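Chain residues, written in single-letter form:
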Amino acid sequence: MNSRLKIFTVLAIVFTVNLTCWAVSTRQIDDVRDKAVLDSDDLVVIDDFVAQAVQELLSTRDFTSIAKIRAAILSRNNSNVSSAAEQYASRFSASAHKYISDAFELAFGLTPEDISFKVTLNLLILLDELKDLRLADLAMAKLDDESPVIRYWAVHAITNPAIVEQLNSGKNADLQLAKNIVERLEKLISRSNADTIALIAQFAADVRIPQGENLLLQIADKRIAEYADWTVKSELLDASILKLLCDKIISNKKNVLGEKTAFARRFWQLYSYAMQRYIKGRDFLDEQAGKQLISTLVEVEKTCISKLMEMPQSVIKRAIEQDSYDGLLHEHDRLFGDEQNPGQLTLKLDFNYGESDGSERVAPLVLPQPPEK
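Note that the structure is a prediction, hence the values are computed from the model and not measured.

Draft legend 1. Molecular detail of the overall build of the chain. Regarding its fold elements, the chain presents 18 helices and two strands. The principal-axis extents of the C-alpha atoms in the chain amount to approximately 80 × 45 × 35 Å. When the accessible surface of the chain is totalled, it reaches about 18400 Å², and 51% of it is carbon and sulfur. Placing the 44 positive and 54 negative side-chain charges of the chain at their respective mean positions leaves the two points 2 Å apart.

Put into C-alpha cells, the structure is as follows:
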C-alpha cells in the first residue's frame, strides 16, 4: 500500500468510527532529534510521526487538544543537533507537505460543512505556525476559497514575517516564488476585507521585489478610489497603509520622478481624502466611521507627518479635539496645498501631484460631496 493510499485509509477509518483523541508517541522522534547523523530508519520515524500527528489533528474536535497537537508538531520540526539539522528539516518538511496535502483533500469532502471548514482552518493555522517556505504552495491553493476566513489564514500563512525573510534570501527560486505570490495576492485585493488587506499591504512593503512595491501602490489606489466615491469602509486600515507609504518615502533616496514621488502622491492623496471625508462627512458618517477616521488622522499625524516635517506635529489632533473643522481645513491646505499654492510638505519633499490640463497640480484632488442619505 503506497503512502498516500495509506493515509487516506487511516484517516477514513478515523472519521468513520469517530475515534476519540489519542496521543501521538513522541519517544522515537525525540530520540531522532538528538542524533548527529540520520540513517534511513530515522527518516522513517520522522515520516511516521508527521503522519500520525496530522491524523490526530484531523480526528480531534476539541480546540484545546488541537492546540496541543499543533504545539507537539511545532516543537519537533527541527533537530537538536546542528550536524543533522538540514537533513532532519528537509525530511520533516517533505513529510509535512505530503500529509497536510492529503489532509486538505480529505477535508474538502467532509460533511457536515462546518467540520470541513474547521479542519481546513486548523491545517492552515498549522502551516502558518510552521513558517516553512517549502509548504507555501499548500496555503496558496486556498487563496481562492469561498470563505473569507479561510482566505485570511491562507494569506496569513504566506505573508508572515518568517516567510518574507525566506523570500528575501536573494535566491532565484525564492524571488520567482515571491513574484508568484504577489500575482496571486493582486487578484485578492478586490474581494478581501480590511484584515486581509492589511496583511497583503505589509507583505507588499516588506518583500524586496519591485512587484511588491507596485502591489502596495495598487492597494493605495483602491482605497483612494473608494474614498472618492464614498464607498470606503474600515477607515482604520488606512493608518497602516499610510505608515507603509511613509516608510517608503523616507527610505527611498531617489529624487523627483523616482519611486519616492509615486509613494508620496499616494500618501498625500489618501491622507487628504481621509481628512476631507471627516470634514465633509460630519453629517453623513456613522459613529464608528467617525471614530476610525479620527484614529487614523491623529495616529498618522503623530507617526508620519511629524517624521516627514522633522518636527512634532499636533495641529490636526487639536483641531479635532476642539471640533474645529475650519482649523482642520486650514492645516490640510497648509500641508498639502490648495489650488493656488503648494503645501509645506510638497515643497519639503520636492514633488507634485501629477499633471492636469497640461500643468502640474500643486494640490490633491478635491473629494466630492457625500451622496444624499
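Draft legend 2. Seen up close, the packing of helix α14 (residues 259-280) against helix α15 (residues 287-309). α15 packs onto α14 with a crossing angle of 140 degrees between their chain directions and a minimal axis gap of 10 Å. As judged from the angle between their axes, α14 and α15 are oblique. For α14 against α15, the interelement crossing comes out left-handed. Contacts from Phe-267, Trp-268, Tyr-271, Ala-274, Met-275, Arg-277 and Tyr-278 of α14 reach α15 at Gly-290, Leu-293, Ile-294, Thr-296, Leu-297, Val-300, Glu-301, Cys-304, Ile-305 and Leu-308.

Draft legend 3. Highlighting unusual backbone geometry. The phi dihedral of Trp-230 is positive, around 60 degrees, even though this residue is not glycine. Within the secondary structure layout, Trp-230 lies in the loop between α12 (210-228) and α13 (237-251). Relative accessible area serves as the criterion here: at 8%, Trp-230 is assigned to the buried category.

Draft legend 4. Just the packing of aromatic side chains, in detail. In total, this model carries 10 aromatic pairs according to the counting rule given. Ring plane angle 85 degrees and centroid distance 4.6 Å describe the contact between Phe-267 and Trp-268, whose orientation is recorded as edge-to-face. According to the relative accessible area criterion, Phe-267 is buried, its value standing at 0%. On the accessibility criterion, Trp-268 (0% relative accessible area) is buried. Sitting above the plane of the Tyr-325 ring, Arg-282 keeps its charged end 3.9 Å from the centroid.

Draft legend 5. How the structure looks around the confidence of the model for the chain. Looking at the chain, the pLDDT average stands at 90 and 92% of residues meet or exceed 70. A low-confidence stretch, residues 1-22 stays under pLDDT 50, and its non-local contacts, those more than four residues away or across chains, total 30 contacts.

Draft legend 6. Representation of the pattern of salt bridges within the structure. Scanning the entire structure with this criterion turns up 18 salt bridges. Between Arg-266 and Asp-221 there is a salt bridge; the shortest N-O distance is 2.9 Å. Highlighted residues: Arg-266 in helix α14 and Asp-221 in helix α12, separated in sequence by 45 residues. Asp-221 sits in the partly exposed class, given a relative accessible area of 34%. When the shortest N-O distance is used, the salt bridge between Lys-291 and Glu-287 registers 3.1 Å.

Criteria and thresholds
Residues numbered from 1 in each chain as written. Predicted model: local features only at pLDDT ≥ 70, side-chain atom pairs only at ≥ 80, totals over all residues. Heavy atoms only, no water. Helix = DSSP H or I, 4+ residues; strand = E, 2+ residues; numbered from the N terminus. Areas by Shrake-Rupley, 256 points an atom, 1.4 Å probe, with all protein chains shown as cover. Lys, Arg positive; Asp, Glu negative; His and termini not counted. Charge placed at Lys NZ, Arg CZ, Asp CG, Glu CD. Axes fitted to C-alpha atoms, helices over the stretch in contact; angles between N-to-C directions. Parallel < 35°, antiparallel > 145°, perpendicular 65-115°, else oblique. Left-handed = near helix turned anticlockwise from the far one by under 90°. Contact = heavy atoms within 4.5 Å. Buried < 20%, exposed > 50% of the residue type's maximum accessible area, 1.4 Å probe, protein only. Phe/Tyr/Trp six-rings, centres within 6.5 Å; stacked < 30°, edge-to-face > 60°. Lys NZ or Arg CZ within 6 Å of the ring centre and 35° of its normal. pLDDT = per-residue confidence, 0-100. Salt bridge = Lys/Arg side-chain N within 4 Å of Asp/Glu carboxyl O.

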